[in-house]
Amino acid sequence: MMKSSLALAAVGWIALGVTRPDERPSIPFDEQHMFIEYFANTNEAVVRINAQSEARLEQIEVRDPDGRRVLQIWAPEQSGRGIAGLTVDTLETTLQEVLVDYPQGMYDVKGRTQDGQLARGRVELVHDLLQPPIVLFPEGGSVNVPTTFVARWLPDPEAVRYVVELEQDDNDGLVVELGPGSSSFRIPPGVLAPGKESHFEVGAVNDKGNVTVVEAFFRTL
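Residues numbered from 1 in each chain as written. Predicted model: local features only at pLDDT ≥ 70, side-chain atom pairs only at ≥ 80, totals over all residues. Heavy atoms only, no water.

Caption draft 1: Layout of the overall build of the chain. Each helix and strand counted, the chain has 1 helix and 16 strands in total. Taken across its 221 residues, the chain has 43% of its residues classed as buried. Split by element, the accessible area of the chain, about 11,500 Å² in all, is 50% carbon and sulfur. (Helix = DSSP H or I, 4+ residues; strand = E, 2+ residues; numbered from the N terminus. Buried < 20%, exposed > 50% of the residue type's maximum accessible area, 1.4 Å probe, protein only. Areas by Shrake-Rupley, 256 points an atom, 1.4 Å probe, with all protein chains shown as cover.)

And the structure:
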């Protein structure tokens, strides 16, 4: 889901710091999130890291509960440029590898503004995941599916919301968030073209923000 996010495997990091102590109090990040997105069909997963600040930052780093740096990014040195925030996906690997590489616990998010002030935040990552949704329609491999139809799946009482996505030609044609207890969504006219390979997915989100996704590929009539 949301495959337009930047995917990183490895980046050359530098230490986050300032050249001299800054006695000003640190500023909080406006928001920070970290969660797992698990693709049940392929047993692959990513970790998504999001941090946003109203301040103009030149560096942001994230450290795991053991103090290991898992991400750092910085702005070009050209005057006037800065980072307002970031949304990063790790490259897709097996769920087992993700759980080893990103342990449960509190992650520290730190940044430095262009004038040297520190920004700080903390975000929790947990490994709990919901069971994969059971898709009733469209079934994977289906052909001659109408361009307008009602997608259906079995609801999970523990899901706090659902994310439904439709794609054709590698483009996200529709992304919709639905509330708890949802079990269907009517695809409106104009979203899907006839006679094309299409991709449907539904993701069940738990109360920690982790998403379990099931995909179905089909061809429209």
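Caption draft 2: Structural view of the sheet that holds strand β14 (residues 184-186). Read across the sheet, 3 strands follow the order β10-β11-β14 without closing on themselves; strand pairing throughout is antiparallel. For this open sheet the edge positions go to β10 (135-137) and β14, each flanked by a neighbour on one side alone. Strand-to-strand, the axes of this sheet are offset by a mean angle of 20 degrees, without reference to chain direction. Relative to strand β11 (residues 150-153), β10 runs antiparallel, the two being bridged by 2 bridges. (Pairing = 2+ DSSP bridges. Axes fitted to C-alpha atoms, helices over the stretch in contact; angles between N-to-C directions.)

Caption draft 3: Representation of the pattern of salt bridges within the structure. Under the criterion given, the structure shown has 11 salt bridges. A salt bridge links Arg68 to Asp64; the nearest nitrogen and oxygen atoms lie 3.0 Å apart. For Arg68, a relative accessible area of 41% translates into the label partly exposed. In this structure, the salt-bridge partner of Glu197 is Arg219, at a minimum N-O distance of 3.1 Å. Of this pair, Glu197 sits in strand β15 (residues 197-205) while Arg219 sits in strand β16 (residues 211-219), and the two are 22 residues apart along the sequence. Three or more residues are tied together by salt bridges with common partners; here these are Glu37, Arg48 and Asp89. (Salt bridge = Lys/Arg side-chain N within 4 Å of Asp/Glu carboxyl O.)

Caption draft 4: Molecular detail of the side chain of Asp64. You can see Asp64 is positioned in the loop between β4 (44-63) and β5 (69-74). Taking the relative accessible area as the measure of exposure, Asp64 reaches 3% and is therefore buried. Within polar-contact distance, the side chain of Asp64 engages the backbone nitrogen of Asp66 at 2.9 Å. The residues contacting Asp64, other than those within four sequence positions of it, are Val70, Pro103, Met106 and Tyr107. (Polar contact = N/O pair within 3.5 Å; in protein donor to acceptor, adjacent residues only side chain to side chain. Contact = heavy atoms within 4.5 Å.)

Shape descriptors only; they carry no functional weight alone.
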